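Architecture and fold: a report
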Amino acid sequence: MEKRNYQKELDGVIAALDSRPSLLLQGCCGPCSSYVLEYITQYFDVTLLFYNPNIRPESEYNRRLATLKQLLAAMPMAHPPSLLAPGWHGSAFEQAVKGMENLPEGGARCTVCFRLRLEETARQAAEGAFDYFGTTLTVSPHKNAPLINQIGETLAQKYNVKWLPSDFKKRNGYLRSIQLSKEYGLYRQEYCGCGYPEKQDGADIDRGKEMV
C-alpha cells in the first residue's frame, strides 16, 4: 500500500478553497495548538474544541486549558479562533479504556483515546454544521498520524462531515510549536494526558518520555 502524505493532501484541500470554510478543530493543548493555529487560521474560520477527557487529574486538565487560553490571548492572528471548552469528562475516558490501563504508550489504549476525542469532535461538527473537523494531535512526533487520519476519515463517513487531513509536524511544525511555546511562556507538560501505566504501588503518575 502506498504511503500517504497527509501534508500534501492538506495542501490540496487548501489550494481548492474559494472561501473560508468553518473548521471545528480538536485542540489537545496550548503548545500543540500554537503552530497549528498560526498556520490553519489563514485559511479556515476555526473553532477550537478543548475536549480531552483523557487528561488526569482534573487539576492538570484545568492547567492545560488555562495555558490554551493564555496562548489565544497572546498570539496575534488575523482570524482568531473561538474556543469551546465543555469541561472535564474524565469518567468517559476511564470507562472507555477500562482494562487497558497497563498497556504501553502508543498501543490499543491510545487508539481508543484518539477515537473518543475525535468522535466527539465529529459529532459536534455535524451538529454545528461545520464544513470540516480536524485535530492538532498530528503535530506531535509521538502520535501516529496515519492512524489518527484513518480514524478521522471513518468518522467523517459516519457523521457526514468532512475530515481535514493533516500531518502538522511536517515542515518543522513541531519545532515551530516549541519556538512559539518559548515565545509566549507556555506550560509544556511532560506526559500526554492519562499517565498510564501508573507505578504499581499507586504512587506518582509515570510520566514517561512524552513531551508535547
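Our subject is the structure that appears above.
1. What to know about the overall build of the protein
Helices and strands together make up the secondary structure of the protein, namely seven helices and five strands. Traced from its N-terminal end to its C-terminal end, the protein shows the element sequence α-β-α-β-α-β-α-α-β-α-β-α. Since a compact globule built from 212 residues should have a radius of gyration of about 17 Å, the 16 Å found for the protein is in line with a globular shape. Judged by the C-alpha coordinates and their principal axes, the protein covers about 55 × 40 × 35 Å. With an accessible surface of roughly 10,100 Å², the protein has 50% of that area assigned to carbon and sulfur atoms.

2. Here we look at the side chain of Glu119
Of note, Glu119 is situated in helix H5 (residues 108-127). Other than its neighbours up to four places away in sequence, Glu119 contacts Leu155, Lys158 and Tyr159.

3. With respect to the side chain of Asn52
Positionally, Asn52 belongs in the loop between strand S2 (45-49) and helix H3 (58-74). The buried category is assigned to Asn52, whose relative accessible area is 1%. Within polar-contact distance, the side chain of Asn52 engages the side chain of Arg117 at 2.9 Å. The contacts of Asn52, once residues within four sequence positions are left out, are Gln26, Gly27, Cys28, Tyr61, Trp88 and Arg117.

4. Topic: unusual backbone geometry
Comment: phi is negative for the bulk of residues other than glycine, and the bulk of peptide bonds are trans. In this chain, Arg56 is followed by Pro57 through a cis amide linkage whose omega measures -10°. Assignment of secondary structure puts Pro57 in the loop between S2 and H3. The omega torsion of the bond from Tyr196 to Pro197 falls at -5°, within 30 degrees of zero and hence cis. By secondary structure assignment, the location of Pro197 is in the segment after helix H7 (173-183). The backbone of Ala129 sits at a positive phi, close to 60°, despite the residue not being glycine. Along the polypeptide, Ala129 turns up in the loop between H5 and strand S4 (132-135). We note that Asn160 has phi near 55°; this positive angle belongs to a residue other than glycine. Tracing the backbone shows Asn160 in the loop between helix H6 (145-159) and strand S5 (162-163).

5. So, the state of the cysteines
Counted by the stated rule, this structure contains zero disulfides. There is no disulfide at Cys29, and the cysteine sulfur nearest it, in Cys32, is 3.7 Å away. A relative accessible area of 1% places Cys29 in the buried class. The cysteine Cys113 is free of any disulfide, with Cys192 supplying the nearest cysteine sulfur at 6.3 Å.

6. Observations concerning the pairing of S2
The element S2 is extensively covered by neighbouring structure, given that four of its five residues are classed as buried. At this point the chain moves from strand S1 (residues 22-26), through helix H2 (residues 30-40), to the parallel S2, and the crossover so formed is right-handed. Both S2 and strand S3 (residues 82-84) contribute to a ladder of three bridges, which runs parallel. Each residue of the ladder has a partner; that of Thr47, found in S3, is Ser82. Taken together, S2, H3 and S3 form a β-α-β motif whose crossover is right-handed.

7. Digging into the packing of H2 against H3
As a packed pair, H2 and H3 sit with axes 9 Å apart at the nearest point and diverge in direction by 30°. In this view, H2 runs roughly parallel relative to H3, as classed from their interaxial angle. Crossing geometry of H2 relative to H3 is assigned as right-handed. Every residue of H3 that contacts H2 at Gly30, Pro31, Ser33, Ser34 and Leu37 is listed here: Thr67, Leu68, Leu71 and Leu72. Tallied by class, the residues present in the contact of H2 with H3 amount to five nonpolar, four polar and no charged.

Cut-off values and rules
- Residues numbered from 1 in each chain as written.
- Predicted model: local features only at pLDDT ≥ 70, side-chain atom pairs only at ≥ 80, totals over all residues.
- Heavy atoms only, no water.
- Helix = DSSP H or I, 4+ residues; strand = E, 2+ residues; numbered from the N terminus.
- Rg over C-alpha atoms; globule rule 2.2 N^0.38 Å.
- Areas by Shrake-Rupley, 256 points an atom, 1.4 Å probe, with all protein chains shown as cover.
- Contact = heavy atoms within 4.5 Å.
- Buried < 20%, exposed > 50% of the residue type's maximum accessible area, 1.4 Å probe, protein only.
- Polar contact = N/O pair within 3.5 Å; in protein donor to acceptor, adjacent residues only side chain to side chain.
- Disulfide = S-S within 2.5 Å.
- Right-handed = clockwise from strand over helix to strand, strands pointing away.
- Pairing = 2+ DSSP bridges.
- Axes fitted to C-alpha atoms, helices over the stretch in contact; angles between N-to-C directions.
- Parallel < 35°, antiparallel > 145°, perpendicular 65-115°, else oblique.
- Left-handed = near helix turned anticlockwise from the far one by under 90°.
- Nonpolar A, V, L, I, M, F, W, Y, C, P; charged D, E, K, R; others polar.

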